[in-house]
Amino acid sequence: SYDHTIRVWDCDDLIEKSSNNTGGMDMMTDDDNDKCLSIMDHGAPVEALVVVNPTIDSSFSTPLILSAGGTTVKLWNPQSGTCISTIQTKHSKTITSLNLISIQRGEKDGGEGKEEGKMITCRRLLTAGLDGLIRIHSADSLFDAEMSKDGRVKTKKTAKLSSFKMPYLHGVKTSLPITALAISPDGEKLVVGTTTGYVTVRQKAKYIAQGVKRKAVYQPRAGTYSFFMRGAGADADADDHVVQLLRKKKLKKYDVMLQKFRYADALDEALAARDPNAIVAVLEELGRRRGLVIALSNRDEETLEPLLSFTASFISNPKYTPILIGVANQLCDIYSRVFGQSDTIDEYFEKLHMHVKRECGTQSVLNQLIGQIDAVMYTAEVLDD
């Protein structure tokens, strides 16, 4: 339970009484429910329990209990309620799931495990937690030691406390916190449940028995280009840190011209792009660099026409009005002496004059309307007072 305790209950009498009682569970008393044999304190909220049954060749027949709480796993004797061992799992966050599995190995070659013919059965304890880690521990030597009647390990040379340790073997890193872990009965599939609601199924790789010849893998000759480029196409693992290569952003033509301080060419390239935001951005940058007058001066009819057309068309747009008012003033100052020499340029200046005059009339009407609204609001406030 989350109250840090593990309780062992005796259900034998309850089963007998429930089978004899035809009236259901209503006939049971409080004494019948009080069958708690032992209470074990884990020291943290208990998230998962696993009952470890002894093997056939074990020296005792008492099952043990593995409990997970916090970042530790503890091994208990349920009969005496004593903690036999505490296992450090290398988890950094709360352990949420425990699983005990059996793995079939090839012929015994000095490793741990219980030999069955030509195959070896190895027992593994899997722990998973909110840190996204799956830790695998060896449980082969769990029942090799002998236990006394009081539930403690005998202090003999053949039964040391280290026999109840579960050494850490290896682990798997996932990208999401794990809330549940399960393994198929054949041990081929590992199912992982996460806090986001996703369920991941992992398939066991094909087992290759020892002594079986593998296919020859091409190894490039040392000193060649293939030798130095080997592994370049390998995929990154889940726990690898991938360095993202940031490609240099290609600059626009007007940005390149600005870098070279070619202000007039930068403005021409922006006008050729026909993007109002880009044109206004270039004009603002020229103003900050004090190069606006340089970019607007020394223009002929062909290069001045698109600039006047853009200014006359967008000067009434509130988003571009602040910057284009200054541009219009500079154009009038620079080219006031050439009025009347080109019909096209004069037409654009007249168009610019018409848009400015219309906008000024609109602003005047709006100011009058604001004055009338202020007078009405003031009168209403005075009458309310």
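Structure first, text after, so check above.
Below, the structure is looked at part by part.

What counts and how
Residues numbered from 1 in each chain as written. Predicted model: local features only at pLDDT ≥ 70, side-chain atom pairs only at ≥ 80, totals over all residues. Heavy atoms only, no water. Pairing = 2+ DSSP bridges. Helix = DSSP H or I, 4+ residues; strand = E, 2+ residues; numbered from the N terminus. Axes fitted to C-alpha atoms, helices over the stretch in contact; angles between N-to-C directions. Phe/Tyr/Trp six-rings, centres within 6.5 Å; stacked < 30°, edge-to-face > 60°. Buried < 20%, exposed > 50% of the residue type's maximum accessible area, 1.4 Å probe, protein only. Salt bridge = Lys/Arg side-chain N within 4 Å of Asp/Glu carboxyl O.

Further remarks concern the sheet that holds strand S4 (residues 64-69). With antiparallel pairing, 4 strands are arranged side by side in an open sheet as S3-S4-S5-S6. In this open sheet, the two edge strands, each paired with only one partner strand, are strand S3 (46-52) and strand S6 (82-88). Along the sheet, successive strands turn relative to each other by an average axial angle of 25 degrees, direction set aside. Both strand S5 (residues 72-77) and S6 contribute to a ladder of 6 bridges, which runs antiparallel. Within S6, the position partnered with Lys74 by the bridge is Thr86.

Here we come to the packing of aromatic side chains. Taken as a whole and assessed by the stated rule, the structure comprises 5 aromatic pairs. Between Phe227 and Phe228, the ring centres sit 5.7 Å apart and the planes meet at 85 degrees, which makes this aromatic pair edge-to-face. For Phe228, a relative accessible area of 63% corresponds to the exposed category. With centroids separated by 4.7 Å and ring planes inclined at 65 degrees, the aromatic side chains of Phe339 and Phe349 adopt a geometry described as edge-to-face.

Quick look at unusual backbone geometry now. Working note: non-glycine residues mostly have negative phi, and peptide bonds are mostly trans. One non-glycine residue, His4, adopts positive backbone phi at about 75 degrees. Looking at where His4 falls in the secondary structure, it is placed in the segment before strand S1 (5-9). With a phi close to 60 degrees, Arg290 is a non-glycine residue in the positive phi region. Its place among the elements puts Arg290 in the loop between helix H6 (276-288) and helix H7 (292-296). Judged by relative accessible area, which is 79%, Arg290 ranks as exposed.

This part is about the sheet that holds strand S13 (residues 189-194). Reading across the sheet, the 3 strands line up as S12-S13-S14 and stay open at both edges, with antiparallel pairing between neighbours. Strand pairing shows two members of the sheet lacking a second neighbour, strand S12 (178-183) and strand S14 (199-203), which therefore form its edges. Strand after strand, the sheet turns through a mean of 20 degrees between neighbouring axes, direction not considered. Inspection of the sheet shows S12 paired to S13 by 5 bridges, in the antiparallel sense. Looking at the pairing, Leu181 lines up with Val192 of S13.

What follows concerns the pattern of salt bridges. A full pass over the atoms with the stated rule returns 4 salt bridges. With a closest N to O distance of 2.7 Å, Arg299 and Asp268 form a salt bridge. Separated by 31 residues along the polypeptide, Arg299 in the loop between H7 and helix H8 (301-314) and Asp268 in helix H5 (residues 263-273) bring together distant segments of the chain. Across the salt bridge formed by Arg289 and Glu285, the nearest N and O atoms sit 2.9 Å from each other. Note on Arg289: relative accessible area 32%, which makes it partly exposed. Connected through salt bridges with shared partners, the residues Glu285, Arg288 and Arg289 form a single ionic network.

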